[in-house]
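# Reading the structure
One letter stands for each residue in the lines below.
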Amino acid sequence: MPEKNEFYEVEFIDMTHDGMGVCRIDGFPVFVPKALKGEKGIIKLTKVNSNLGFGRLMELQHKSPFRKEPICDHYSECGGCNLMHMDYSMQLDFKKYRTAETLRKLGKISTKVNDAVGMINPYYYRNKAVIPFGEENGKMIAGLYKSRSHDIIDMKKCYIIPKITTDIVKFLKNIFIELNIPAYNENIGTGVIRHIVVRNSYKFDDISVTIVTLTPKLPKKDLIVQRLIARYKRVVSVIHNHNPENTNIVLGKKSKVIYGEDFIRDEINGVLFKVSHRSFYQVNPQQTESLYKKAIEYAELTPNDIVIDAYCGIGTIALSVAKDCKSVLGVEVVKQAISDADENAAANNITNAKFKVGKAEEVIKTWSNYDIDVLFVDPPRKGCEPAFLETIAEMKIPRIVYVSCNVATLARDLNYLQSQGYEVQEATPFDMFPQTSHIEVVTKIRYKGQE
Ligand code: SAH
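Reference entry: report on the structure contained in this document. Everything quoted here is computed from the prediction, not taken from an experiment. (Residues numbered from 1 in each chain as written. Predicted model: local features only at pLDDT ≥ 70, side-chain atom pairs only at ≥ 80, totals over all residues. Heavy atoms only, no water.)

This next bit is on the site of the ligand. With respect to spatial proximity, 17 residues lie near the ligand, and among them Gln-282, Tyr-292, Glu-332, Ala-360 and Asp-378 are the closest. Tyr-292 has a polar side-chain atom sitting 2.6 Å from an oxygen atom of the ligand. One nitrogen or oxygen atom from the main chain of Tyr-311 is found 3.1 Å from a nitrogen atom belonging to the ligand. Taking 580 Å² as the accessible area of the ligand by itself, protein coverage stands at 90%. Put simply, the parts of the chain that give the shell around the ligand at least two residues each are helix 5 (316-321) and helix 7 (360-366). Broken down by class, the residue content of the shell around the ligand amounts to nine nonpolar, four polar and four charged. (Near = heavy atom within 4 Å. Polar contact = N/O pair within 3.5 Å; in protein donor to acceptor, adjacent residues only side chain to side chain. Areas by Shrake-Rupley, 256 points an atom, 1.4 Å probe, with all protein chains shown as cover. Helix = DSSP H or I, 4+ residues; strand = E, 2+ residues; numbered from the N terminus. Nonpolar A, V, L, I, M, F, W, Y, C, P; charged D, E, K, R; others polar.)

A few words now on the side chain of His-74. Relative to the helices and strands, His-74 resides in the loop between strand 6 (53-62) and helix 1 (88-107). Other than its neighbours up to four places away in sequence, His-74 contacts Ile-153, Asp-154, Met-155, Lys-156 and Lys-157. (Contact = heavy atoms within 4.5 Å.)

On to the sheet that holds strand 21 (residues 422-430). Spatially, 7-21-22-20-19-16-17-18 is the arrangement adopted by the eight strands of the open sheet, whose pairing is mixed. Where the open sheet ends on each side, the last strands, each with one partner, are strand 7 (112-113) and strand 18 (353-357). (Pairing = 2+ DSSP bridges.)

Looking now at a positive patch on the surface. A contiguous patch of positive charge on the surface is contributed by Lys-139, Lys-156, Lys-157, Lys-163 and Lys-170. Structurally, the position occupied by Lys-157 is in the loop between strand 9 (139-142) and helix 2 (163-178). (Patch = residues over 30% accessible without salt bridge, like charges linked within 9 Å, V, L, I, M, F, W, Y side chains within 5 Å. Salt bridge = Lys/Arg side-chain N within 4 Å of Asp/Glu carboxyl O. Lys, Arg positive; Asp, Glu negative; His and termini not counted. Charge placed at Lys NZ, Arg CZ, Asp CG, Glu CD.)

A word on the pattern of salt bridges. Within the structure shown, the criterion is met by 18 salt bridges. Asp-222 is the salt-bridge partner of Lys-221, the closest N and O atoms lying 3.7 Å from each other. Overall, the relative accessible area of 30% leaves Lys-221 in the partly exposed class. What makes Asp-222 exposed here is its relative accessible area of 53%. A single salt-bridge network, built from bridges that share partners, covers Glu-101, Arg-104 and Lys-105. (Buried < 20%, exposed > 50% of the residue type's maximum accessible area, 1.4 Å probe, protein only.)

Mapping Lys-173 onto the fold places it in helix 2. Lys-173 gets classed as buried once you look at its relative accessible area, which sits at 10%. Looking at Lys-173, its side chain comes within polar contact range of the side chain of Asp-154, at 3.0 Å. Once residues within four sequence positions are removed from consideration, Lys-173 is found in contact with Phe-133, Met-140, Ile-141, Ala-142 and Asp-154.

Pairing is mixed across the open sheet formed by six strands, whose spatial order is 9-8-10-11-12-13. Every interior strand has two partners, whereas the edge strands, strand 9 and strand 13 (254-260), have only one. Going across the sheet, the axis of each strand differs from the next one's by a mean of 20°, ignoring polarity. Here five bridges tie strand 8 (residues 128-136) to strand 10 (residues 193-200), and the two strands are oriented antiparallel to one another. Looking at the pairing, Ala-129 lines up with Val-198 of strand 10. Along the sheet face, helix 2 touches strand 8, strand 9, strand 10, strand 11 (207-213) and strand 12 (235-242) and points at about 150° away from the line of strand 10. (Axes fitted to C-alpha atoms, helices over the stretch in contact; angles between N-to-C directions.)

Pasting the structure below:
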């Protein structure tokens with residue numbers, strides 16, 4: 001059995017779902033961050049469990065031709081990106097391979113997996129940044145967390161969020177320092193500023209800034225707002241959120257608009273959207289447009305179709321398909337998102353979309369007598385509740401398009417649908433999160449009946 005703190009000469013034969021290189025020491029699997037398949041090198045074993053281990057790459061003896069010099073100075077310690085040492089073409093191949101492997105191994109699904117759809121410029125794409133604040137040696141810092149920790153890296157640059165977002169973070173940090181407003185200290189539960197959340201519109205200039213504090217008040221709030229909007233004309237919405245809880249959840253229950261409106265405007269494939277600070281919105285707007293086009297293609301909509309958009313957020317999928325079908329029903333658990341969806345329908349003169357607040361697994365039951373033709377389903381990372389899948393299998397909905405941000409739960413859910421007479425006909429990964437190992441997949445599913 002390999003021993004901790006020992007050095008080993010290894011060859012990397014595979015990659016894990018989160019982009020670590022996999023090697024074997026006497027048959028024992030060891031995972032090593034930032035090592036690529038095909039590489040050889042010397043590792044130090046840092047952790048050994050009963051059936052696997054972790055190591056650190058100490059020396060690279062044979063370099064992969066796909067290895068790339070990361071462009072970010074923070075890359076070696078930052079928890080934000082984990083594939084920046086991989087050439088972009090390899091990142092896309094990796095995502096296609098992971099999708100096919102996971103569907104096959106976890107879901108027992110062998111289906112056609114298309115090439116991952118990538119970005120022409122795979123940087124500066126995130127329209128939302130959540131930035132924690134803290135202190136280091138008595139000085140305020142703000143940035144992303146180090147990998148697997150809550151230690152903050154004082155952000156100088158970031159290559160996956162817009163440059164203006166990084167500027168706003170630094171600008172606000174300097175104002176807080178100047179006004180003597182301290183950062184939250186999560187270890188002892190003191191201080192004021194916990195996070196700032198910046199959201200950018202893709203099609204408009206709008207930017208919203210949410211300042212999350214531990215305290216019920218944001219000290220000197222008028223001055224902060226004044227300086228922020230004087231410097232950044234694009235900021236159309238400033239929210240103060242109060243989060244007194246000892247939690248990793250960013251937003252607290254109470255929010256107040258302290259400047260402008262509680263939304264930014266955006267547009268996807270010709271449909272206008274208002275996005276309020278609490279609603280879910282896809283983080284890569286450019287890729288979202290192509291992803292929705294593929295989802296619509298997979299649905300093969302006809303003008304008489306009755307459609308469900310489950311886990312609909314602010315109604316982005318429902319409102320994108322409304323003109324191509326008879327009617328569409330959306331369900332979503334966040335109340336604010338549904339009121340955004342209703343307003344978005346009205347703003348686009350769409351009258352055949354109806355939205356309901358509630359849990360998809362409960363609301364779907366109230367629709368089970370409808371003759372539904374198409375279901376779009378786009379759940380959070382944990383996938384669908386069994387009760388939801390059971391109801392749709394009973395309804396025998398003929399066409400399903402499943403959009404997933406977690407291939408493992410997708411494979412689990414598809415495995416169940418397959419056992420209920422559904423066939424997974426095709427899957428296309430979309431690179432919504434370049435430089436990271438996250439994968440988004442759209443799948444085309446048809447009801448074939450039980451054997
Ligand atoms: N389809 C949307 C949102 C997808 S994200 C888009 O493309 O923008 C998943 C959404 O599911 C989130 O908005 C989240 O609030 C919602 N959600 C989470 N659990 C849910 C549940 N049990 N029932 C309904 N919606 C849920």
